[in-house]
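# Survey of secondary and tertiary structure
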Amino acid sequence: MSGDARRLSPVDVVIVGGGWAGSIMAKEMTEAGRSVVMLERGPDRSTAADGAYPASIDELEGNFRYRLFQDLSKNTVTIRNNSQQTALPYRRMAAFLPGEGVGGAGLHWSGVHFRIAPDDLRLRSRVIEKYGRAFIPEGMNLQDYGVTYEELEPFFDKAEKVFGTSGEAYRVNGQVVGRGNVFAPSRSDHFPLPALKDVYTAHIFRKAAEEAGFHPYSLPAANASQQYVNPYGVQMGPCNFCGYCSGYACYMYSKASPNVNILPVLRRHPLFELRSSSHVLKVELDADGRRATGVTYLDADGQECMQPAEIVILAAFQFHNVRLMLLSGIGRPYDPARNEGVVGRNFVYQNVTTSTVWLDRGVETNQFIGAGGGGVAFDDFNSENFDHGPLGFVGGSPVWVNQAGVKPIGAAHVGGPPGTPRWGSAWKAGTIDTYRHSLRIDAHGANMAYRDVYLDLDPTWKDTCGQPLLRMTFDWKDNDIRMNRYVVDRIGDVAKAMDARQVHLVRREFGSPFDTRQYQTTHLGGGAVMGEDPGTSALNRYLQSWDVHNVFVIGANAFPQGTGYNPTGMVAALAYWAAHHIRVTYLAHPGPLAG
Amino acid sequence: MRLKAWGRLLGAMLLALAAAGRAHAADDLVTRGEYVAHAADCGACHTRAGGEPFAGGLAFHLPMGTLYAPNITPDTQTGIGRYSEAEFIRALRQGIRRDGATLYPAMPYPSYARMTDDDLHALYAYFMHGVKPVSHPVVQTGLTWPFSMRWPLVLWRRLFAPDPGEVQHQMRERQFPDALVARGSYLVEGPGHCGACHTPRAITMQEKALTALDGTVYLSGGAPVDGWRPVSLRGDNRTGLGRWNEQDIVRFLATGRMPLGAAFGGMTDAIGHGTQHLTPTDQLAIARFLKTLSPQTPAADGWKYDPAATLALRAGDVSARGAALYVDSCAACHRTDGRGYPTTFPPLAGNPVVMDPTPDSLIRIVLAGHVLRATRQTPSAFVMPGFAARMDDAAVADTVTFIRAAWGNNAPAVTAEDVGRIRRTLAAEHPPLSLPLN
């Protein structure tokens, strides 16, 4: 904190970030009677303004000018493939799309709302049990989360009820109850809403997957299949499959977002204050660095402010949380040379490739229809649902048709089948063929953590506030490429059962580096992971900093390695889990929750 | 000595207890007065959106000019801080200001004349002790001559305002089937002043009926206020509350939303400042009383859902006037079957507002959009976008005509001229909507 920072009146809890994690923590803390200030770097956002129909469903503004996303001209990351390279700033949105503004990524997300495979939570232990320690490749930092599915189940359930999630259960309280995912663990309750209806491509995929011997299920979606009132009393409208989910504020109020599902009750709570356009610079620590005293931020007028607080909750996007920890000196920075230190360690991504199937020209696939979280998946090759022994890789991948609504500019970018010219009448014919008669199948694979894949502060590049940018050192590894190629071959099996006219299977290629120019996924994870060993995790199993006990760090940064699932459901459950332990233990006895 | 000291202590304790008791009683009175202020919906007119409570300034756009609701906080200079209780009661029941001038009958004193002594006593206590004084002068400059003169108001008052003594007598004599209906009648005809909007007015601007005793014109629907047409609250099947049951009405008063419709226009403030704060019993009393009001025109043809329009749209037939516009701009929320997704997006099929002989509300909502506001029980607001920028008068007329004709609504068509008339008033008078944050 510099000398001219304005010192504000203290509050009980200050929260950095106004997305899902921040809103959940704010709701929980106000329920516990604590005063909360939530600081959000971007502008305030609402359905009425950002989702105003029909201006909101503007593909150019939403998916190409990135209306709801981070302003990379002020703050970004630098990226390199390995530590021999010089990292350069990520200046144009492409590979991943971090959000900005109230609601965060929770406003522009699609809505796929998963729990987690129980084996993924203790993947290191499970792999050693099944295949032996030697099975873990050299350089892979395979770890356990330090928390079990049974412990998290009530919080998954709570999050689904808050989000109004649509889906079909397989097992509830141990009893088989429906046609849900046979690999999914037992649930304490059904989904709050029935599954979304299958769009036609999902229907085709479901049938073909069954014929191929797999176990298809409806993707769990936080796109409401009916009107819904959540436990906080807020209402959602029903999804009409318009396809404007990812990149948009839903004008139907049917995609769950902090703005629609939590903030209406928070905003009217007397203990809650939201300050938008407030960019946090660092967490302030006391003299011996063991306790946070608050945060310093720039307010909407550029005035530096110090907000004192008893508890600091970092709930920004994954890599912003890691960067704030590094900038504030919370936890020991990761040193890849020695594989020591914890902040920046186990940075992970997701390993997604998309294959395309062209059906008979008499079949109209109506790809303009869609819901961001809707579709059909199978988990036969996800997590530890299959025997990795003979395959020789760690990790897995769900496979799905997630037709989220193909829009005109996006469709034009895709073009025709392989070999179609990129211009002229052949291109036009190919584009129309793809748009009308194809369907797309994703291998949505996990990405493991490696010793030489990490986050640190860039030595050269700074943001507009003069603070160092975060540097990503990332590349694909053979283990993950082998996993992808194996699973994509199974997509080939499904395509055969579809009477495909043409199939274009896209596999990750050995030796082909991570390419930031192509959109892949925004599901970044790790960097400040949870665990039971302070030597390999920055946070304990309650997402509390091992080093500064009144700092909690909520987000996908806590994942020790990637999973095949979309992260939001896990992040929400971890937020409720951490909040629960703050409420029942920490508030009465502030101090480390794990020893 | 010792005994005397104990005596003094005991005396002091008793005094303190008595004072606390008095304070408690006074607090109770203020709290009760606040409740009466909700029942009388004072805030709907006297509190501006975003303004201090009761500091006035809300504009009434009337054919003869613009009126501003005065500051009724206890501020002694710009509010009502100098009113004695008797002066306060005279203003409420008789429309006579402290200085003897007559109030504009936008102040519903012909209804407030029915308010009980107890309620007015509590209301006075609330305005003197429960409301923060705010210095905010409200200047009346908006009326054109001859309506800017006050003396005709005296004449009006003498001709049309009821005598409070007679009214109070009438209330004591009146028979009701049960205590709940009696309470409902009091709330609706007295403090609630529902007739101020929902009863038609004569050419001389007095309500044609002030109570249910005055015949079926009472609450049979009023002239448009700010472009919104207050619907009939009688038992008319198509255009009134004939198909609403008691619980529907209770939900509507509490939350502004129920399976058959959602609140908009002036009712938004009536719910926001008024009815949502009433006890469930009082909400039920209002509902039960309203359900005693017979239809004004007992029509043979009650509304019945007609699937023809739905079937045509589902078959891709958009040849009906306005059908294509409806599918493009309305059906996402209100659906091709017109049933909407209540209580999120209200139905248009069978909605009394849609079938009203006066199409003003429907046209206005299509042009300017509207907000279903959050209430205490329902924290979510929902926004209907306005289409004024995208649709010309003819397109709006076509769309509205489709909605009025489809699904058994069978209401008459609308012309582009009707739309133009309302578009002009919007441009002249209405500030943009303040938008909710969910």
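Residues numbered from 1 in each chain as written. Chains lettered and ligands numbered in written order. Predicted model: local features only at pLDDT ≥ 70, side-chain atom pairs only at ≥ 80, totals over all residues.

## Some remarks on the UniProt feature "domain: FAD-dependent oxidoreductase 2 FAD-binding" (unreviewed entry) in chain A
Those residues carrying the UniProt feature "domain: FAD-dependent oxidoreductase 2 FAD-binding" (unreviewed entry) are residues 12–57 of chain A in this numbering. Within the segment residues 12–57 of chain A, helix and strand shares are 35% and 20% respectively, and the terminal C-alpha atoms sit 40 Å apart. (UniProt positions renumbered as here; feature names shortened; annotations may be inferred. Helix = DSSP H or I, 4+ residues; strand = E, 2+ residues; numbered from the N terminus.)

## Observations regarding the domain arrangement of chain B
The domains assigned to chain B are domain 1 (26–173) and domain 2 (308–429). Just the C-alpha atoms count here: the centres of domain 1 of chain B and domain 2 of chain B sit 36 Å apart. (Domains from an automatic or database assignment.)

## Focus: the pairing of strand β4 (residues 77–80) of chain A
Residues and elements named next belong to chain A. Sheet analysis places β4 next to strand β21 (residues 468–473), joined by 4 bridges and oriented parallel. Residue pairing for β21: T78 is matched across the bridge by R471. In this sheet, strand β5 (residues 88–89) lies alongside β4 in antiparallel orientation, the contact comprising 2 bridges. Opposite I79, over in β5, you have L88 as the bridge partner. (Pairing = 2+ DSSP bridges.)

## Quick word on the UniProt feature "domain: Glucose-methanol-choline oxidoreductase N-terminal" (unreviewed entry) in chain A
When the UniProt feature table is mapped to this numbering, "domain: Glucose-methanol-choline oxidoreductase N-terminal" (unreviewed entry) covers residues 201–349 of chain A. End-to-end, the C-alpha atoms of residues 201–349 of chain A are 27 Å apart, and along that stretch the chain is 20% helix and 27% strand.

## Digging into the interface of chain A and chain B
Listed as interface residues are 24 residues of chain A and, on the opposing side, 16 residues of chain B. Classifying every residue of the side of chain A that touches chain B gives 13 nonpolar, 8 polar and 3 charged. (Contact = placed C-beta atoms within 7 Å. Nonpolar A, V, L, I, M, F, W, Y, C, P; charged D, E, K, R; others polar.)

## A look at the UniProt feature "domain: Cytochrome c" (unreviewed entry) in chain B
All names here are of chain B. If you check UniProt for "domain: Cytochrome c" (unreviewed entry), the listed places come out as residues 28–131, 179–294 and 317–407 in our numbering. For residues 179–294, helix accounts for 39% and strand for 3%, while the C-alpha atoms at its two ends are 19 Å apart. Split by type, residues 317–407 is 41% helix and 7% strand. Its first and last C-alpha atoms lie 15 Å apart.

## Topic: the sheet that holds strand β17 (residues 376–378) of chain A
Working definition: the strands of a sheet are paired by backbone hydrogen bonds and lie parallel or antiparallel to each other. Residue and element names in this part refer to chain A. If you trace the 6 strands from one edge of the open sheet to the other, you get β8-β17-β18-β19-β16-β22, paired in antiparallel fashion. Each having just a single partner strand, β8 (216–218) and β22 (502–504) make up the two edges of the open sheet. The mean angle between the axes of side-by-side strands here comes to 25 degrees, regardless of whether they run parallel or antiparallel. As defined by bridge partners, strand β16 (residues 351–358) adjoins strand β19 (residues 438–445) across 8 bridges and the pair is classed as antiparallel. Directly across from T353, in β19, lies its bridge partner A443. Together, β16, β18 (399–401), β19 and β22 form the strand contacts of helix α14 (residues 478–496), whose direction differs from that of β19 by roughly 150 degrees. (Axes fitted to C-alpha atoms, helices over the stretch in contact; angles between N-to-C directions.)

## Structural notes on the sheet that holds strand β20 (residues 454–462) of chain A
Within the open sheet, the 4 strands sit side by side as β5-β4-β21-β20 (chain A). Their pairing is mixed. Both outer strands of the open sheet, β5 and β20 of chain A, are each paired with one neighbouring strand and no more.

## With respect to the packing of helix α8 (residues 179–189) of chain B against helix α12 (residues 280–290) of chain B
All names here are of chain B. Remark: α8 packs on α12, axes separated minimally by 7 Å, with the N-to-C direction vectors making an angle of 90 degrees. The angle between the axes of α8 and α12 places the two elements in the roughly perpendicular class. Here L180, V181, R183, G184, S185, L187 and V188 of α8 come into contact with α12, specifically with D282, L284, A285, I286, R288, F289 and L290. Classifying every residue of the contact of α8 with α12 by side-chain character gives 9 nonpolar, 2 polar and 3 charged. (Parallel < 35°, antiparallel > 145°, perpendicular 65-115°, else oblique.)

## Observations concerning the nonpolar core
I15, M25, I313, I554 and A575 of chain A are the most contacted members of the largest nonpolar core, which totals 248 residues. The dominant element in this core, judged by the number of residues it contributes, is helix α15 (residues 568–586) of chain A, at 12 residues. Each of domain 1 (26–173) and domain 2 (308–429) of chain B contributes no fewer than three residues to this core. The residues contacting I313 of chain A, other than those within four sequence positions of it, are V13, I15, V16, M25, F552 and I554 of chain A. Core analysis: the next-biggest nonpolar cluster, separate from the first, contains 30 residues, W303, L367, A405 and I422 of chain B among them. (Core = buried A, V, L, I, M, F, W, Y, C linked by C-beta atoms within 7 Å. Buried ≥ 20, exposed ≤ 12 C-beta atoms within 10 Å, placed from the backbone.)

## Quick look at the packing of helix α10 (residues 246–255) of chain B against α12 of chain B
All names here are of chain B. One way to put it is that α10 packs onto α12 with a least axis distance of 8 Å and a crossing angle of 130 degrees. Classified by the angle their axes make, α10 and α12 are oblique. Remark: the crossing between α10 and α12 carries right-handed chirality. Touching E246, I249, V250, L253 and A254 of α10 are P280, Q283, L284, I286, A287, R288 and L290, all from α12. Looking at the contact of α10 with α12 residue by residue, the classes come out as 9 nonpolar, 1 polar and 2 charged. (Left-handed = near helix turned anticlockwise from the far one by under 90°.)

## Brief notes about the environment of R98 of chain B
Within the secondary structure layout, R98 of chain B lies in the loop between α3 (85–94) and α4 (109–112). Taking the C-alpha atoms as reference, R98 of chain B lies 17 Å from A113 of chain B; in sequence the two are 15 residues apart.

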